[in-house]
Amino acid sequence: PYIGAPPPEAGGAVNPEMLEFVPAFIASRKTELPLLEQAVGSRDFERVVLLGHRMRGVASLLGFDAISACGEAFETAGRNEDPAALAAVLTRYW
């Protein structure tokens, strides 16, 4: 639904040079949820950190500031091995 433009809640502005990558980015967010839920549920903190890092980096590159902040929150909570914080980030992100 947001192909070619950031969703209003994403924050920031899409880098015009990266606009062609936005549809794939949006699609990958949809496939990411089950991976994050599984990693959080199994307390696979290393996987959460990896997924959060990837989310933060790509979102930042594209200009999706709010999604980048969620990725950073996943990274931090994963490094701290904090299941409650991870559950809160999942709720906020999705």
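Draft legend 1. Spotlight on helix 3 (residues 65-79). Here helix 3 contains 15 residues, and its C-alpha end-to-end distance of 21 Å stays within 8% of the 21 Å for a straight helix at 1.5 Å per residue. By the burial criterion, the buried members of helix 3 are Ile67, Ser68, Cys70, Gly71, Ala73, Phe74, Glu75, Ala77 and Gly78. Tucked into the core, helix 3 has its buried residues touching helix 1 (22-41), helix 2 (45-62) and helix 4 (83-93). Following helix 3 by one or two positions, Glu81 adopts a phi angle in the positive range, close to 50°.

Draft legend 2. Structural detail: the pattern of salt bridges. Tallied over the full model, the rule gives three salt bridges. In this structure, Glu32 and Arg29 form a salt bridge, with 2.9 Å as the shortest nitrogen-oxygen distance. Residue Glu32 and its partner Arg29 are located together in helix 1, separated by three residues, close to a single helical turn. With a relative accessible area of 4%, Glu32 lands in the buried category. The exposure class assigned to Arg29 is buried, which follows from its relative accessible area of 9%.

Parameters and conventions
- Residues numbered from 1 in each chain as written.
- Predicted model: local features only at pLDDT ≥ 70, side-chain atom pairs only at ≥ 80, totals over all residues.
- Heavy atoms only, no water.
- Helix = DSSP H or I, 4+ residues; strand = E, 2+ residues; numbered from the N terminus.
- Expected span 1.5 Å × (residues − 1).
- Buried < 20%, exposed > 50% of the residue type's maximum accessible area, 1.4 Å probe, protein only.
- Contact = heavy atoms within 4.5 Å.
- Salt bridge = Lys/Arg side-chain N within 4 Å of Asp/Glu carboxyl O.

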